[in-house]
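Structure at a glance
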Amino acid sequence: MRRFSALSFRKRGIFPLLSRQPLLIGQENTVSHFFSTTSEVSSSQTSSQSPKNYNHKSSTFDSSNTNSGQFGLVHLEATPINHMNNQSHDEFASDVEKVYRILRKYHSRVPKLELALRESGVVVRPGLTERVLNRCGDAGNLAYRFYSWASKQSGHRHDQDAYKAMIKVLGRMRQFGAVWALIEEMRQESPHLISPQVFVILMRRFASARMVHKAVEVLDEMPKYGCEPDEYVFGCLLDALCKNGSVKEAASLFEDMRYRWKPSVKHFTSLLYGWCREGKLMEAKHVLVQMKEAGIEPDIVVYNNLLGGYAQAGKMGDAYDLLKEMRRKGCEPNAASYTVLIQSLCRHERLEEAMRVFVEMQRNGCQEDVVTYSTLISGFCKWGKIKRGYELLDEMIQKGHSPNQVIYQHIMVAHEKKEELEECMELVNEMQKIGCAPDLNIYNTVIRLTCKLGEVKEGVRLWNEMESSGLSPGIDTFVIMINGFLEQGCLVEACEYFKEMVGRGLFTAPQYGTLKDLMNSLLRAEKLEMAKDAWNCITASKGCQLNVSAWTIWIHALFSKGHVKEACSFCIDMMDKDLMPQPDTFAKLMRGLRKLYNRQFAAEITEKVRKMAADRQITFKMYKRRGERDLKEKAKEKKDGRKRRARQRQWGGGSQKL
C-alpha cells in the first residue's frame, strides 16, 4: 500500500425587544502510565453563538480573529453537533455538576476521589461520561480521572462519543502517545466503535500542534485499525492543515494525492482559504486556475475567500472589482461577501467607508445578519466610538436580530480599555436578564479588569459565579487571577491558584511567563519553601512536560535571589532527566560556586555537563566559552537598558514631538 507521509441597556428601553432564551451549559490499564496520581495548553472554552451558514455548503465567516487584528475569511466547516440541552430538562445536568464538584475537590487525591464518586450515588450510563468530559473543558487531568474511574465500573463500557471526547481531551494536552494507546484499547475491546471520525479528530489535534508529519502519518495508520482513508478524511486533513498555518504542506500533499482521489470543491476551497489566510494571493489565484481546469466552477464560498484575501492585503480596489465580476457571472454576493470587506475597512479605521458598504449591501437587497452587525459594532468599539456601537446594537435588535456573546464581548472590551468596571458589570447583569449567558471570554474580560483595578475580591466572586453557571475556567482565566494576586501582593492566593491550574492539567509552555513571575515574586518575598512547593507540584505531575526553558526559569530565579546551592541542586535534577543546561546557566552557576568555594558541587555539575556535551557531540570548551560570552552580552544589554531608560526619564519619556 502506498504511504501518505511525504454599556447599560436599561436607559435605552430595548429589553422588550429581546426574547428570553434558556441558559445553555455547555481503559485505565492502557493509558494510566501517561499520567500521575498526584496533583497535576493549542486553546480556552468559547461558548459564543455560532455564525449562521450562508449557503448550502456550510460556509462560515471566520470572525474569531476580529480582536487580534487579523481578517476573517470564509471556509468550509462541518456543522457541529450540539450536545447541549436545556438544563431544566436535562437528565444528566445534576449528576454532571455533582461529579465536576467532586473532581475539583479531590482530583489530586485519587483514593479519596474514587471513594467520593462511589458514595455520590451517580450511576455511570451512556451519555454521562461524554457530558462530564466536556464539562471539564481544558482541565484534562480532571477529565482523565473520571474517565479512568468510569472504566472500572461494573457492566459499563464506553460508547463512541465518550472515546471521541477523551481523544479530544488528550489531544488538547498533547498526550498523543496516550491517544494512540486509547485507540489501541478501542481496537481490542470495541473495534466496531472505530470510525474515520476518530482519526479525523486526531489529525486536527496534530495539525493544531503544527505536527504536520504526524498528522499525515495518521493516514498510514488507519488501515491497521480497519479504516481505509477516503476522500472525506483527506479533505478533513487538508482543511486542518490550511486552518493551522500549514498551507504549503497541504498544497504539496494535495499534488501527491490528487490522482488517487478526484479533487472536489472542498479540497480547492481549503487550499484557497489557506493561501488567502497567509496573504499569498498569487498562489490563491493559481488554485482558482486549477479549479477551473478540473471543471469546477467557483461558488460563493470560493469568491468570498478571495474577497477576504484582497481585503486582508489592503487591495480594496481589487475586492470591489471582484464584487462586480461576481454579479456579472450570476453569483450574487451574500452577507459574508460584504462582511469581509466591512471588517477590513473597520480594521484600518475607515469606518465611514465601512458604513457605505453596509448601506450598499442593504440597497442591493442583501439581508444583513448578526455577524455583519457584530463586525460593525466591533469596528466602532475598537476605535473608541462606543456610543455608535450601541446605536448599531439598537438598530440590530429593532430589526429582529438577537445579540450574542460575541457582540457583548466587543462592547465590553471597549469599556475595559477605559477602565469602566461598572459598565462591564451592568452588561453582565443585563445579559443574564435576557437569557444570553455570559461565556468564558466575557468572564475573562471582567475578571481581568477587576484585577487591573485592584478589586481582586470581586474577581474571585466572578470566578465562583462563572463556575456555578456551568463554565470551566480555562488557562487564560487562571493566568489572569494569578497575575492579579501577584500585583496585589497576595502570594499565598497566587500560589494556590497556580497549583490548581497545574492540578487540572492546564500548565503548558505558553504559561512559562506566569511561572517566572510567580517564582520571582515568591523568592523576592523570601518564600523559598512556598516556591519549592509550587515547583514540586509541577514536577510531580506527568501531565506537565517541562523543558529546559522551564527549568532555566526556576534555576535562574533561585540564583538571582542568592539561593546558589538550591539552584545547583535543581540543575543536577534537571540533568538527571537528560536535559542539558543552557551555556549561560552553567557559567552563572560556576561563578556562584567559586564565590562560595564549593568545589564539590562545581565538580559534580562540570562532570555531568562534560558527559552530556560528549553525548551530543559538542566540545566542552566551546560550550563553556559560549556561556561566558552569553553572560557578558546579557550584562551589557542590561546596562544599556538602564542607560536608555535614564535618558527617556531625563527627556520626558523620549516621546516628545517636534
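The structure this text deals with has already been given above.
Keep in mind the model is a prediction, meaning the values are calculated, not measured.

1. Brief notes about unusual backbone geometry
A positive phi is found at glutamate 349, a non-glycine position, where the angle reads about 60°. Mapping glutamate 349 onto the fold places it in the loop between helix H16 (335–347) and helix H17 (351–363). Relative accessible area serves as the criterion here: at 44%, glutamate 349 is assigned to the partly exposed category.

2. Some points on the nonpolar core
Formed by 209 residues in total, the largest nonpolar core has its most connected members in Phe498, Phe507 and Trp535. Not counting residues within four places of it along the chain, the set of residues in contact with phenylalanine 507 comprises Phe498, Met501, Val502, Tyr512, Leu515, Ile538, Cys544 and Leu546.

3. Observations regarding helix H3 (residues 110–119)
Every α-helix winds through 3.6 residues per turn, so residues three or four apart in the chain are directed the same way. Listed as buried for H3 are Val110, Leu113, Glu114, Ala116 and Leu117. Axial view of H3: buried residues confined to an arc of 160°, hence all on one face. Residues of H3 that are exposed and angled more than 90 degrees away from the buried face: Pro111, Arg118 and Glu119. Contacts from the buried residues of H3 go to helix H2 (93–106) and helix H5 (140–151). Immediately beyond the C-terminal end of H3, within one or two residues, lies glycine 121, with a positive phi of roughly 85°.

4. Looking at the side chain of serine 264
Residue placement: serine 264 occurs in the loop between helix H11 (247–257) and helix H12 (265–277). Those residues in contact with serine 264 that sit more than four places away from it in its chain are Glu231 and Ile296.

5. Structural notes on the layout of surface pockets
Its volume calculated, the second largest pocket comes out at about 540 Å³. Mapped onto the lining of the second largest pocket, the elements with two or more residues apiece are helix H26 (512–524), helix H28 (548–560), helix H30 (583–596) and helix H32 (620–650). At six residues, H28 tops the list of elements feeding residues into the lining of the second largest pocket. Among the residues forming the lining of the second largest pocket, the class breakdown is five nonpolar, five polar and eight charged.

6. Topic: the environment of alanine 284
Considering the arrangement of structural elements, one finds alanine 284 in helix H13 (residues 281–293). Given the relative accessible area of 0%, alanine 284 is considered buried. Sequence separation of alanine 284 and phenylalanine 268 is 16 residues, and the distance between their C-alpha atoms is 9.6 Å. Here alanine 284 is in contact with Leu272, Trp275, Cys276 and Leu306, once residues within four sequence places are set aside.

7. What about a positive patch on the surface?
Taken together, Lys638, Lys639, Arg642, Lys643, Arg644, Arg645, Arg647 and Arg649 make up a surface patch of like positive charges. Secondary-structure assignment places arginine 645 in helix H32.

8. Quick notes on the environment of glycine 171
Take glycine 171: it is sitting in helix H6 (residues 160–172). Glycine 171 gets classed as buried once you look at its relative accessible area, which sits at 5%. Here the alpha-carbon distance between glycine 171 and leucine 202, two residues 31 residues apart in the chain, equals 6.9 Å.

9. Considerations on the packing of H16 against H17
The N-to-C vectors of H16 and H17 enclose an angle of 170°; their axes lie 8 Å apart at closest approach. Comparing their axes, H17 and H16 come out roughly antiparallel. Where H16 abuts H17, its residues Ala335, Tyr338, Ile342, Leu345 and Cys346 lie against Leu351, Glu353, Ala354, Val357, Phe358 and Met361. Considering only residue class, the contact of H16 with H17 consists of ten nonpolar, no polar and one charged.

10. Brief notes about the side chain of histidine 158
Here histidine 158 is to be found in the loop between H5 and H6. A relative accessible area of 3% means that histidine 158 is categorised as buried. Polar contacts involving the side chain of histidine 158 include one to the side chain of serine 151, which spans 2.8 Å. Within the structure, the side chain of histidine 158 is placed 3.5 Å from the side chain of histidine 156, a separation counted as a polar contact.

11. Remarks on the packing of helix H10 (residues 231–243) against H12
Two elements in contact, H10 and H12, have axes whose closest approach is 8 Å; the angle formed by their N-to-C orientations is 5°. Classified by the interaxial angle, the pair formed by H10 and H12 is roughly parallel. Counted together, Glu231, Phe234, Gly235, Cys236, Leu238, Asp239, Cys242 and Lys243 of H10 and Lys266, His267, Ser270, Leu271, Tyr273, Gly274 and Arg277 of H12 form the full contact between these two elements. Its residues assigned to classes, the contact of H10 with H12 shows six nonpolar, four polar and five charged.

12. A short note on the environment of glutamate 91
Within the fold, glutamate 91 resides in the loop between strand E2 (74–76) and H2. Sequence separation between glutamate 91 and leucine 128 is 37 residues, and the spatial gap between their C-alpha atoms is 9.3 Å.

13. Topic: the pattern of salt bridges
Across all of its chains, the model carries 35 salt bridges by this definition. Glutamate 500 is paired through a salt bridge with arginine 504; the nearest N and O atoms lie 2.8 Å apart. Given a relative accessible area of 3%, arginine 504 falls into the buried group. The shortest N-O distance in the salt bridge between aspartate 576 and lysine 608 comes to 3.1 Å. Residue aspartate 576 is found in helix H29 (residues 564–576), and its partner lysine 608 is found in helix H31 (residues 599–615); the two are separated by 32 residues along the sequence. Given a relative accessible area of 26%, lysine 608 falls into the partly exposed group. One salt-bridge network, held together by shared partners, links Arg104, Glu467, Glu500 and Arg504.

14. A look at the packing of aromatic side chains
A complete count under the given rule lists 17 aromatic pairs for this structure. Ring plane angle 40° and centroid distance 5.8 Å describe the contact between phenylalanine 146 and tryptophan 149, whose orientation is recorded as tilted. One end of the pair is phenylalanine 146 and the other is tryptophan 149, both in helix H5 and three residues apart, which spans about a single turn. When its relative accessible area of 0% is taken as the criterion, phenylalanine 146 is described as buried. Judged by centre distance (5.8 Å) and plane angle (75°), the rings of phenylalanine 586 and phenylalanine 620 are edge-to-face. Here the residue phenylalanine 586 occupies a position in helix H30, and phenylalanine 620 occupies one in helix H32, the gap between them amounting to 34 residues. Comparing phenylalanine 586 with phenylalanine 620 shows no difference in burial state: the two are buried. An aromatic cluster is defined as three or more aromatic residues linked by ring pairs; in this entry it consists of Trp463, Phe478, Phe485 and Tyr497. Over the face of the ring belonging to tyrosine 100 we find arginine 135, whose NZ or CZ atom lies 3.9 Å from the ring centre.

What counts as what
- Residues numbered from 1 in each chain as written.
- Predicted model: local features only at pLDDT ≥ 70, side-chain atom pairs only at ≥ 80, totals over all residues.
- Heavy atoms only, no water.
- Helix = DSSP H or I, 4+ residues; strand = E, 2+ residues; numbered from the N terminus.
- Buried < 20%, exposed > 50% of the residue type's maximum accessible area, 1.4 Å probe, protein only.
- Core = buried A, V, L, I, M, F, W, Y, C linked by side-chain atoms within 4.5 Å.
- Contact = heavy atoms within 4.5 Å.
- Arc of directions from axis to C-beta.
- 1 Å grid on protein atoms, 1.4 Å probe; cavity = no way out; pocket = protein on both sides within 12 Å on 5 of 7 lines; lining within 4 Å.
- Points joined across faces, edges and corners; volume = space filled by probe spheres on them.
- Nonpolar A, V, L, I, M, F, W, Y, C, P; charged D, E, K, R; others polar.
- Patch = residues over 30% accessible without salt bridge, like charges linked within 9 Å, V, L, I, M, F, W, Y side chains within 5 Å.
- Areas by Shrake-Rupley, 256 points an atom, 1.4 Å probe, with all protein chains shown as cover.
- Salt bridge = Lys/Arg side-chain N within 4 Å of Asp/Glu carboxyl O.
- Lys, Arg positive; Asp, Glu negative; His and termini not counted.
- Charge placed at Lys NZ, Arg CZ, Asp CG, Glu CD.
- Axes fitted to C-alpha atoms, helices over the stretch in contact; angles between N-to-C directions.
- Parallel < 35°, antiparallel > 145°, perpendicular 65-115°, else oblique.
- Polar contact = N/O pair within 3.5 Å; in protein donor to acceptor, adjacent residues only side chain to side chain.
- Phe/Tyr/Trp six-rings, centres within 6.5 Å; stacked < 30°, edge-to-face > 60°.
- Lys NZ or Arg CZ within 6 Å of the ring centre and 35° of its normal.

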